[in-house]
Amino acid sequence: MENIDSFYTLMGEASSLTKEAKYDEALISYDNILEKYLDTKDESIIEYLPYTFYNKALIYAHKKEYEKELEVYNELLSRFISNISQNSEIIFAKAYMNKAVCIQELKDEKESLAVYKEFVQNFENCLDEKVLEDIVQAKYNIAYILGNDEQIEESIKAYDDVIESFQTSKEKHFLEFVAKSLVNKANKNKELYEYEKAIESLDKVINEFSIFEKQVAIAYHNKATVLAELQNEKEMKKVCDELIQKFGNVHDEFIMNIVSSAEVLKDKDTFNKNCF
């Protein structure tokens, strides 16, 4: 018991130094803890050692020393990933997510794909809601990065994974990712000239996700642009009118810009039809 009490005391001191933004002193404190306890056989201490690494990595993040931050996450995951407890799941989830962001800072977003995929593979069946919040973000990021890398079909599959995994959830946080994935999937279908599939996804957002106004407004607008490409002027104008009527009085800058764009799209098509 004396051992664990000493560990908690030292962790508390390091945490206080961090809160006071005394980062160099906090790093020394965490290093002292690791030097003293890293090889301990006390299971009650081993369970909380990942927090020491994680807190140390966060300090390097504050200092924008991303190489050192990455080194700490790598050591944390390599040392403890095979010994995860229910209490430490969230720390490993955050370590994976932060490691991916760190890699994006040092290299580019494509390099972070492997980290997101490893995280999803290791934690996809976790039941902790806080961990699942990171899982849905990781799955969405995978789809988004694949799309940016012009791996369109793989991106669509990844968006489908988000949709299928969370569409029956009752939690607003997860459902918003489903709505965003449907919108982005439709954009990728459009790039492949799969217009009917794009409209199907956008209609689903419009009809089933009304609580997410921004995503619904985007869905209306994007549906109108698809119809314009199909030269379906009548339906395009109808969708624009629905968008303007539904969101014309909403005082949100993002949505106001979408409404303005719909007005331009509608008027532009009319102008083009009247030109000789």
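As a reminder, the structure under discussion sits directly above these lines.
Residues numbered from 1 in each chain as written. Predicted model: local features only at pLDDT ≥ 70, side-chain atom pairs only at ≥ 80, totals over all residues. Heavy atoms only, no water.

Time to look at the packing of aromatic side chains. This model, assessed by the stated rule, comprises 16 aromatic pairs. Their ring planes at 50° and their centres at 6.4 Å tell us that tyrosine 54 and tyrosine 73 sit as a pair that is tilted. Here tyrosine 54 is found in helix H4 (residues 49–62), whereas its partner tyrosine 73 is found in helix H5 (residues 66–80), with 19 residues between them in sequence. Pair check on accessibility: tyrosine 54 and tyrosine 73 agree, each one buried. Summarising the aromatic geometry, the rings of tyrosine 220 and phenylalanine 247 are spaced 6.5 Å apart at their centres and angled 70° between planes, so their arrangement reads as edge-to-face. Note that tyrosine 220 is positioned in helix H12 (residues 213–229) and phenylalanine 247 in helix H13 (residues 233–247), a separation of 27 residues in sequence. The same class applies to tyrosine 220 and to phenylalanine 247, which are both buried. Taken together through their ring pairs, the aromatic side chains of Phe7, Tyr8, Tyr37, Tyr48 and Tyr51 make up a single cluster. Cation over ring: lysine 180 sits above tyrosine 140, and NZ or CZ is 4.9 Å from the ring centre. In this structure, lysine 180 packs its charged tip against the face of phenylalanine 177, placed 4.9 Å from the ring centre. (Phe/Tyr/Trp six-rings, centres within 6.5 Å; stacked < 30°, edge-to-face > 60°. Helix = DSSP H or I, 4+ residues; strand = E, 2+ residues; numbered from the N terminus. Buried < 20%, exposed > 50% of the residue type's maximum accessible area, 1.4 Å probe, protein only. Lys NZ or Arg CZ within 6 Å of the ring centre and 35° of its normal.)

Roughly 150 Å³ of internal volume is contained in the largest pocket. Lining the largest pocket, in full, are Asp160, Ile163, Glu164, Gln167, Leu182, Lys185, Asn189, Lys197, Glu200, Ser201 and Lys204. At the level of elements, helix H9 (152–166), helix H10 (172–191) and helix H11 (195–208) are the ones that each hand at least two residues to the lining of the largest pocket. Examining the composition of the lining of the largest pocket, we find that four residues originate from one element, H11, more than from any other. A breakdown of the residues in the lining of the largest pocket according to their chemical character gives two nonpolar, three polar and six charged. (1 Å grid on protein atoms, 1.4 Å probe; cavity = no way out; pocket = protein on both sides within 12 Å on 5 of 7 lines; lining within 4 Å. Points joined across faces, edges and corners; volume = space filled by probe spheres on them. Nonpolar A, V, L, I, M, F, W, Y, C, P; charged D, E, K, R; others polar.)

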